[in-house]
Amino acid sequence: GFSLTGFVASVAFSILAYKGFTAITNSGAEITNPHRNVGRAIIWSIIVCVIVCLLVAFAVSSTLSISQIVAARDYSLAEAAGPVFGEVVARFRTSS
């Protein structure tokens, strides 16, 4: 089932996995007014990442039923993209 703790943990791990944050902080010396703009850059990148993740989750869940998502397991994104991209995606689903 769905739990808020599991959702927050998955978002936290997704954010930690995104290595772009280190590029933002490492380029702090090259940014004008870094004390203000580095924090803003990190916040905006988190917002963009969350929006992209939510859009992908919405696209998969609106294309496939829960039973199809469970059956597809590791390739549910490719399965959901199948109706749009057709044969191109089918090759990725069967290549593993």
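Read on for a plain summary of the structure. Please read all numbers here as calculations on a predicted model, not as lab measurements.

1. As for the overall build of the protein chain
Okay, so step 1: Of the regular secondary structure elements, the protein chain holds six helices and zero strands.
Okay, so step 2: The order of helices and strands in the protein chain, counted from the N terminus, is α-α-α-α-α-α.
Okay, so step 3: The 96 residues of the protein chain split such that 16% are buried.

2. Looking at the side chain of asparagine 37
Okay, so step 1: Inspection of the secondary structure assignment puts asparagine 37 in helix 3 (residues 34-63).
Okay, so step 2: In this structure the side chain of asparagine 37 is engaged in a polar contact, spanning 3.1 Å, whose partner is the side chain of arginine 36.
Okay, so step 3: If sequence neighbours within four positions are ignored, asparagine 37 has contacts with Ile31 and Thr32.

3. Side note on the environment of phenylalanine 7
Okay, so step 1: Within the fold, phenylalanine 7 resides in helix 1 (residues 4-17).
Okay, so step 2: A relative accessible area of 37% places phenylalanine 7 in the partly exposed class.
Okay, so step 3: Once you skip the residues sitting within four places of it in the chain, phenylalanine 7 turns out to touch Phe2 and Leu54.

4. Considerations on unusual backbone geometry
Only a minority of non-glycine residues have a phi that is not negative, and only a minority of peptide bonds are not trans.
Okay, so step 1: For asparagine 33, which is not a glycine, the phi torsion comes out positive at approximately 50°.
Okay, so step 2: Its location among the elements puts asparagine 33 in the loop between helix 2 (20-26) and helix 3.

5. Quick notes on the state of the cysteines
Among covalent bonds in proteins, the disulfide is the one between the sulfur atoms of two cysteines.
Okay, so step 1: Tallying each qualifying case throughout the model produces zero disulfides.
Okay, so step 2: No disulfide involves cysteine 49; its nearest neighbouring cysteine sulfur is the one of cysteine 53, lying 6.5 Å away.

6. Observations regarding helix 3
Spacing of three or four residues puts side chains on the same side of an α-helix, whose turn is 3.6 residues.
Okay, so step 1: An ideal rise of 1.5 Å per residue puts 44 Å on 30 residues; helix 3 measures up with 43 Å between its terminal C-alpha atoms.
Okay, so step 2: When helix 3 is considered as a whole, its buried residues turn out to be Asn37, Val38, Ser45 and Val60.

7. What about the packing of helix 3 against helix 5 (residues 76-85)?
Okay, so step 1: Following both chains from N to C, one finds helix 3 and helix 5 inclined at 65°, their axes separated by 9 Å at the closest point. Classed by the angle they form, the pair helix 3 and helix 5 counts as roughly perpendicular. Between helix 3 and helix 5 lies a crossing of left-handed hand. Every residue of helix 5 that contacts helix 3 at Val56, Val60 and Thr63 is listed here: Ser76, Leu77, Ala80 and Pro83.
Okay, so step 2: Its residues placed into classes, the contact of helix 3 with helix 5 shows five nonpolar, two polar and no charged.

Definitions and limits used
- Residues numbered from 1 in each chain as written.
- Predicted model: local features only at pLDDT ≥ 70, side-chain atom pairs only at ≥ 80, totals over all residues.
- Heavy atoms only, no water.
- Helix = DSSP H or I, 4+ residues; strand = E, 2+ residues; numbered from the N terminus.
- Buried < 20%, exposed > 50% of the residue type's maximum accessible area, 1.4 Å probe, protein only.
- Polar contact = N/O pair within 3.5 Å; in protein donor to acceptor, adjacent residues only side chain to side chain.
- Contact = heavy atoms within 4.5 Å.
- Disulfide = S-S within 2.5 Å.
- Expected span 1.5 Å × (residues − 1).
- Axes fitted to C-alpha atoms, helices over the stretch in contact; angles between N-to-C directions.
- Parallel < 35°, antiparallel > 145°, perpendicular 65-115°, else oblique.
- Left-handed = near helix turned anticlockwise from the far one by under 90°.
- Nonpolar A, V, L, I, M, F, W, Y, C, P; charged D, E, K, R; others polar.

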